[in-house]
Amino acid sequence: MLAVFDIGLLIAAVTVDFVSLVLNARRAFRGHGASGVPGISWLAYVVLLEWRKELFFFTSAGQAGVVLTSFHILCHFAVPWTIELLYRRKGRTPKS
C-alpha cells in the first residue's frame, strides 16, 4: 500500500515540475502570467529519497538525487531562462 503512495507522490512531483515548466515558459513568452512553484516538487523528491528510502528504478540514492534535482532545476530555472533569453533577444528591434 505504501509503494502505491510513493509512486503516486513521485508522479505528482514530476507533474508539478512539468506544469511549472509550462507556466514559466508561457510567462517567458508573454512577459506576464502565473509562475510555477519551485519548492514543492523538490521537497517531495527529498521525502521519497531520504525518509522513505525509495529508489524506484535508480541504482542508488545518489543517482536518484542527482537526476531528480537536475530535472527539477531544468524545469524551474534553466529552460525558462533560456526561453526568455532567446525570445527577448529575438523580439528586439535594432535602433537606428
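Because the structure is a prediction, the values reported are computed rather than measured.

Novice: How should the environment of Ala64 be read in this particular structure?
Specialist: Residue placement: Ala64 occurs in helix 3 (residues 61-91). What makes Ala64 buried here is its relative accessible area of 0%. On a C-alpha basis, the gap between Ala64 and Tyr45 in space is 9.0 Å, while along the polypeptide they are 19 residues apart. Once residues lying within four places of it in the same chain are set aside, the contact partners of Ala64 are Leu49 and Phe58.

Novice: Quick question: what am I supposed to make of helix 1 (residues 2-30) here?
Specialist: Along an α-helix, a turn takes 3.6 residues, which lines up residues three or four apart on a common side. In this model, helix 1 (29 residues) spans 42 Å end to end at C-alpha, consistent with the 42 Å of a helix rising 1.5 Å per residue. Residues of helix 1 that are buried: Asp6, Leu10, Ala13, Asp17, Ser20, Leu21, Asn24, Ala25 and Ala28. At the C-terminal side of helix 1, Gly31 shows a positive phi close to 90 degrees.

Novice: Is there a simple way to explain the nonpolar core in this structure?
Specialist: For soluble globular proteins, nonpolar side chains are generally found buried alongside one another. Ranked by size, the top nonpolar core spans nine residues in total: Leu10, Ala13, Ala44, Tyr45, Leu48, Leu49, Phe58, Ala64 and Leu68. Mapped by element, the contributors of at least two residues to this core are helix 1, helix 2 (40-51) and helix 3. For this core, the element with the most residues is helix 2, which contributes four residues. Those residues in contact with Ala13, other than ones at most four positions away along the chain, are Ser41, Ala44 and Tyr45.

Novice: Explanation requested: the packing of aromatic side chains in the structure shown.
Specialist: The geometry of an aromatic ring pair is captured by two quantities: the separation of the ring centres and the angle between the planes. This structure, assessed with the given rule, holds four aromatic pairs. An angle of 75 degrees between the planes, with centres 5.5 Å apart, marks the rings of Phe18 and Phe71 as edge-to-face. Here Phe18 is found in helix 1, whereas its partner Phe71 is found in helix 3, with 53 residues between them in sequence. For Phe18, a relative accessible area of 44% puts it in the partly exposed group. By relative accessible area, Phe71 is classed as partly exposed at 24%.

What counts, and where the lines are drawn
- Residues numbered from 1 in each chain as written.
- Predicted model: local features only at pLDDT ≥ 70, side-chain atom pairs only at ≥ 80, totals over all residues.
- Heavy atoms only, no water.
- Helix = DSSP H or I, 4+ residues; strand = E, 2+ residues; numbered from the N terminus.
- Buried < 20%, exposed > 50% of the residue type's maximum accessible area, 1.4 Å probe, protein only.
- Contact = heavy atoms within 4.5 Å.
- Expected span 1.5 Å × (residues − 1).
- Core = buried A, V, L, I, M, F, W, Y, C linked by side-chain atoms within 4.5 Å.
- Phe/Tyr/Trp six-rings, centres within 6.5 Å; stacked < 30°, edge-to-face > 60°.

That's the geometry; what it means functionally is another story.
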